[in-house]
Amino acid sequence: MQVGILALQGCVTQHVDHFTKLGCSSLLVRKSDDLWKCDALVLPGGESSTMLHLLQRANLFSEVVEFCSSRPVWGICAGAILLAKKVSHPEQDSLEVMDIHAERNAYGSQLDSFKAEITGQIFNTPLPADFIRAPKLKALSDQVMCLAQYEGDGVLFRQGHLLASSFHTELTDDSRLHAYFLEFLRS
Ligand code: GLN
């Protein structure tokens, strides 16, 4: 089993460390050949508008859409914005594969970044999380399950084999969300 991490921009290497710790190998994905060697894919946090541009430049946009139709994909912050069917504040193109609405930068600017503990049905104890220019995510259909909340807002959503989180956990030592994502490969 090998998990790909889209490595065009953003927070990449920390994911490798978490997957290694969990006994799973990972591959940095920069082109089509890399992508199809992977059983699952992480779209990391970063800047979604830049990643969108780089995905198009690397001719990866439609391939990632296709990948999302059959294999597990986890979008984190900017990556969740890329997965969303609807993006606002401002409006932006996306892969449009997941029934969520992403309102960009809804938790404020870089200076407003904060650490929090989030609660959810899939964790026994709160999960440490970093919110960095994070979007607010909302489900657009009943195909989408909300798995965790912060102050009443949904922050972690699942639709089949697609996972979207508005926050980062790869900057912490806690690998529980990475482990949860790996379970998608076994189901
Ligand atoms: N605000 C960024 C965007 O709109 C996302 C920030 C992040 O990934 N931490 O793309």
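Residues numbered from 1 in each chain as written. Predicted model: local features only at pLDDT ≥ 70, side-chain atom pairs only at ≥ 80, totals over all residues. Heavy atoms only, no water.

Novice: Go over the pattern of salt bridges with me, naming the residues and quoting the values.
Specialist: In this structure the tally under the stated criterion is 7 salt bridges. Here lysine 115 makes a salt bridge to aspartate 130, at a shortest N to O gap of 2.7 Å. With a gap of 15 residues between them, lysine 115 in strand E7 (residues 114–120) and aspartate 130 in strand E8 (residues 127–131) connect regions that are remote in the sequence. According to the relative accessible area criterion, lysine 115 is exposed, its value standing at 64%. What emerges from the salt-bridge pattern is a single network uniting Glu47, Arg104 and Arg133. (Salt bridge = Lys/Arg side-chain N within 4 Å of Asp/Glu carboxyl O. Helix = DSSP H or I, 4+ residues; strand = E, 2+ residues; numbered from the N terminus. Buried < 20%, exposed > 50% of the residue type's maximum accessible area, 1.4 Å probe, protein only.)

Novice: Explain the sheet that holds strand E6 (residues 98–103) to me, and be specific about the residues and the numbers.
Specialist: Strand pairing in a sheet relies on backbone hydrogen bonds, with the paired strands running either antiparallel or parallel. Ordered in space as E5-E6-E9, the 3 strands form an open sheet in which the pairing is mixed. A single partner strand is all that each edge strand has here, and the edge strands are strand E5 (84–88) and strand E9 (136–139). Shown here is a sheet whose adjacent strand axes are inclined to one another by a mean of 25°, direction ignored. Bridge count between E5 and E6: 4 bridges; the pairing is parallel. The residue bridging alanine 84 from the neighbouring strand is methionine 98, located in E6. (Pairing = 2+ DSSP bridges. Axes fitted to C-alpha atoms, helices over the stretch in contact; angles between N-to-C directions.)

From the geometry alone we can't say anything about function, so treat these as descriptive.
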